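Each chain, written out:
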Amino acid sequence: MSHRKETAWLLAAILAAASACTTTESHHNADIDVVGMDKSVAPGDDFNAYANGGWIKSTPIPADKSSYGIDAVLTDETRKRTLSLIQDAANAGAPASTDARKVADFYATFIDEAAIEQKGIAPLQPQLDAFAAIMDRHALARAIGRELRADVDALNNTNFETGNLFGIWITQGLGDPSHTYPYLLQGGLGMPDRDYYLSPSPPMAQLRKQYLAHIEAMFRLAGFTGPAVRATRVFALETAMAGVHATRVESEDVHSAVPWKRADLSLKAPGLDWPALIEAAGLSDSPVFIVWHPKAVMGLSALVARQPIEAWKDWLALHAVENAAPYLPKAFVGEHFDFYDKALSGIPQMRPRWQRGIDLTNAALGDAVGRMYAEHYFPAATKAKAEAMASDLVKAFARRIDSLTWMSPETKLKAKAKLVTLKVGVGYPDRWRDYAGLEIVKGDALGNAYRAELYAYRRQLDKIHQPVDRGEWWMTPQTVNAVNLPLQNALNFPAAILQPPYFDGQADAAHNYGSMGATIGHEISHSFDDQGSQFDADGRLANWWTKADFDHFRAAGEALAAQFDTYRPFPDLAVNGHQTLSENIADLAGLMVAYDAYVLSLHGKADAVKDGFTGDQRFFISFAQSWRSKVRDAALRRGIVADGHAPEQYRAETVRNLDAWYQAFSVQPPQKLFLPPGSRVRVW
Ligand SMILES: [Zn+2]
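Since the structure is predicted, the reported quantities are computational estimates derived from the model, not experimental observations.

1. Remarks on the overall build of the protein chain
In terms of regular secondary structure, the protein chain is built from 28 helices and nine strands. In terms of overall size, the protein chain behaves like a compact globule, its C-alpha atoms giving a radius of gyration of 25 Å where 684 residues would be expected to give roughly 26 Å. In the protein chain, which comprises 684 residues, the share counted as buried stands at 62%. Just so you have it, the protein chain exposes about 25200 Å², and 56% of that area is on carbon and sulfur atoms. Distance between charge centres in the protein chain, computed from 69 positive and 79 negative side chains, equals 0 Å.

Okay, here's the thing in structure tokens:
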């Protein structure tokens, strides 16, 4: 479970959102940002506005972004650094077949817009011709299978979106952490979630109209006859798929996942020619599949038999065009942007091509770029400092478990066993992925992307027959984010988040613990949120709780869910307290443990007053400033529907559950965030 937005959401945003070079001059303001506050707001009325109101008022969201804030600033900075690394690799004339050469060639080929323009749709045509030649449902199943990729992630990055009929995720078994299995998830939609197809709310109905028009435009651009008829067919098919999809909240229920033997697929989910699909997907030698969305898999399989084959062929073609769009001529890029970024996320303007190129190079050759990044921008001293801080936080968490009055000694033992085996990865993985078998051809932008995707998929498939690697990373070092891996009982803190202003060697303890400390605490806490707490020290889905302890824990979670349910940024749409519960528990527990660690770091001395703020005040302000963000309405709506994280403004208000915050700012009734002591939620 990640710290910030889901990867899919981020990627979608990345693929045409984020970042001009507007701000970003480096951010070495140690300590809190006093100028960005709004002291006219009472902290107890709106803590986010108090800590961030000055910045919110004075900072526009750049035209090419759906949101803007501390992580976008840092992502921009990271991208600029990455560009210079890629340029250096190109200028140094790295030898053929080295990773550095591949990175340079992949990027250079994408940047050569004139060459891409000149080829038109030719690079995609063979794939479209293959779909057009499908004559029966056997061939259809093979085509669907060939498109599958390891493109979802149910528990680490909590990414449930794929335009393929199924998403594949390859990792340890839920009940068997010493072996690797393929997981099968629902997929097939072009919009982010079933709600976009089924919700009666007017903004969603409006988006459906825009989506239908967009599909038609894509067919027209790709030279298909009868684009309107095809668009109607595909839209109807996807709406039927949405009808059998699990909801976002249901997707978080780890207990609905079931192991099926290969033969069970045909028996339990009739409709699809499963042997043909499985073979084409390279999964023939997997005896067991873990089916994450069994009902949806049954429903989707039945639709393959029931819906017209022409609709399926058009659906395959549409998704191939959408996937290829970033590598095709301007007209495709523009049409894709107009729907996916402008309509779905509210972004007015496309990012410059070089930025899209960096993100796509990261997606294709993540570890090759990450290795260069870590070598240049993540010195050993920073790594050591971050490791020490993470180890402080783990210790503070253990103390917090010891001091819980409601938890029985036997549950405490098991909880602490999880901390002992927790594997904390800082900066970058111990072993880098290599790209020796990946062919990058100068001048073949789409082919490069396709081969890189397939190479990544095959690497995942290979894991099925190898010993489990608990050191596998699920984020690249150049990602501004962090993630907890429940099945590996491990954490990844990429190099790119371990830099100012999140983590700053020059800043004081109040700042670093309020910001990066709370982030580290957040990731540790994911091992103990409503999802993570169901996995034991070995990463096995197993109940290690006594009933009374679990009931207490559950009740605390319900109280937190109810607190978040009250946040309503739109009249027709509120935050879903259950959909975001894991993240909210992690925020709350992470903040509490970071506060403990901050107090411990003072060794009983009072912290200095700076700029008129006590140490405790600066700790909480630093926390709220680490959530500093502005977001466009469309993107806010999209996040509430499809993301497991609450919007940043509400995450900053987590402080209202800590007694120390009330003392620090003398928060009293009837201030809006005031909660009577009995209503403040303490999960850990
Ligand atoms: Zn998280």
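2. Section: the packing of helix α9 (residues 202-221) against helix α10 (residues 227-244)
Taken N-terminus to C-terminus, the directions of α9 and α10 make an angle of 130 degrees; their axes are 8 Å apart at the nearest point. Here α9 is positioned oblique relative to α10, judged by the angle of their axes. Pair α9 / α10 crosses with right-handed handedness. Judged by residue contacts, Arg 208, Tyr 211, Leu 212, Ile 215, Glu 216, Phe 219 and Arg 220 of α9 engage Pro 227, Ala 228, Arg 230, Ala 231, Thr 232, Val 234, Phe 235 and Glu 238 from α10. Classifying every residue of the contact of α9 with α10 by side-chain character gives nine nonpolar, one polar and five charged.

3. A short note on helix α24 (residues 581-601)
Taking 1.5 Å per residue, 21 residues should reach 30 Å; α24 reaches 30 Å between its end C-alpha atoms and fits that length. Of all 21 residues that make up α24, 17 are buried, and the element is covered over most of its length. Looking one or two places after α24, you find His 603, whose phi comes out positive at around 50 degrees.

4. What about the nonpolar core?
Ranked by size, the top nonpolar core spans 187 residues in total, and within it Phe 620 and Trp 684 carry the most contacts. No other element matches the eleven residues that α24 contributes to this core. Phe 160, Trp 169, Met 475 and Leu 487 belong to the second-largest nonpolar core, a separate cluster that totals 20 residues.

5. Describing the pattern of salt bridges
Using the criterion set out here, one finds 36 salt bridges in the structure. As a salt-bridge pair, Arg 149 and Glu 453 come within 3.7 Å of each other at their nearest N and O atoms. One end of the pair, Arg 149, is in the loop between α7 (137-147) and β2 (166-172); the other, Glu 453, is in helix α21 (residues 445-462), and 304 residues separate them in sequence. Salt-bridge contacts for Lys 423 lead to Asp 430; the nearest nitrogen and oxygen are separated by 3.9 Å.

6. A word on the packing of α10 against helix α15 (residues 309-324)
The description of two packed helices rests on the angle between their axes and on the distance between the axes. One can describe the packing of α10 onto α15 by two numbers: an axis separation of 9 Å at closest approach and a directional angle of 95 degrees. Considering the angle they form, α10 stands roughly perpendicular to α15. Listed contacts from α15 to Arg 230, Arg 233, Val 234, Leu 237, Glu 238 and Met 241 of α10 are Glu 310, Ala 311, Trp 312, Asp 314, Trp 315, Leu 318 and His 319. Of the residues contributing to the contact of α10 with α15, the split by class is seven nonpolar, one polar and five charged.

7. A look at the sheet that holds strand β5 (residues 288-291)
One open sheet accounts for four strands, arranged β2-β3-β5-β4; its pairing is mixed. If you trace the sheet from one side to the other, it starts and ends with β2 and β4 (258-261), each paired once. Taking the axes of each pair of neighbouring strands and ignoring which way they run, one obtains an average angle of 35 degrees across the sheet. Pairing of β4 with β5 involves four bridges; the strand directions are antiparallel. Following the sheet pairing, Trp 260 is matched in β5 by Phe 289. On top of the sheet, helix α14 (residues 294-306) reaches β2, β3 (180-186), β4 and β5; it is set at about 45 degrees to β4, its chief contact.

8. Some thoughts on the sheet that holds strand β6 (residues 423-427)
Each strand in a sheet pairs with its neighbour through backbone hydrogen bonds, running either in the same direction (parallel) or in the opposite one (antiparallel). The mixed open sheet is built from three strands, whose spatial order is β6-β8-β7. Two strands close off the open sheet at either side, each with one partner strand: β6 and β7 (483-485). Strand-to-strand twist of the sheet, defined as the mean angle between neighbouring strand axes without regard to direction, takes the value 15 degrees. Direction of pairing for β6 relative to strand β8 (residues 490-494): parallel, over a ladder of five bridges. Each bridged residue has a counterpart across the sheet, and for Gly 427 the counterpart in β8 is Pro 494. Its contacts with the sheet put helix α22 (residues 509-526) on β7 and β8, and the angle it makes with β8 is roughly 150 degrees.

Parameters and conventions
- Residues numbered from 1 in each chain as written.
- Predicted model: local features only at pLDDT ≥ 70, side-chain atom pairs only at ≥ 80, totals over all residues.
- Heavy atoms only, no water.
- Helix = DSSP H or I, 4+ residues; strand = E, 2+ residues; numbered from the N terminus.
- Rg over C-alpha atoms; globule rule 2.2 N^0.38 Å.
- Buried < 20%, exposed > 50% of the residue type's maximum accessible area, 1.4 Å probe, protein only.
- Areas by Shrake-Rupley, 256 points an atom, 1.4 Å probe, with all protein chains shown as cover.
- Lys, Arg positive; Asp, Glu negative; His and termini not counted.
- Charge placed at Lys NZ, Arg CZ, Asp CG, Glu CD.
- Axes fitted to C-alpha atoms, helices over the stretch in contact; angles between N-to-C directions.
- Parallel < 35°, antiparallel > 145°, perpendicular 65-115°, else oblique.
- Left-handed = near helix turned anticlockwise from the far one by under 90°.
- Contact = heavy atoms within 4.5 Å.
- Nonpolar A, V, L, I, M, F, W, Y, C, P; charged D, E, K, R; others polar.
- Expected span 1.5 Å × (residues − 1).
- Core = buried A, V, L, I, M, F, W, Y, C linked by side-chain atoms within 4.5 Å.
- Salt bridge = Lys/Arg side-chain N within 4 Å of Asp/Glu carboxyl O.
- Pairing = 2+ DSSP bridges.

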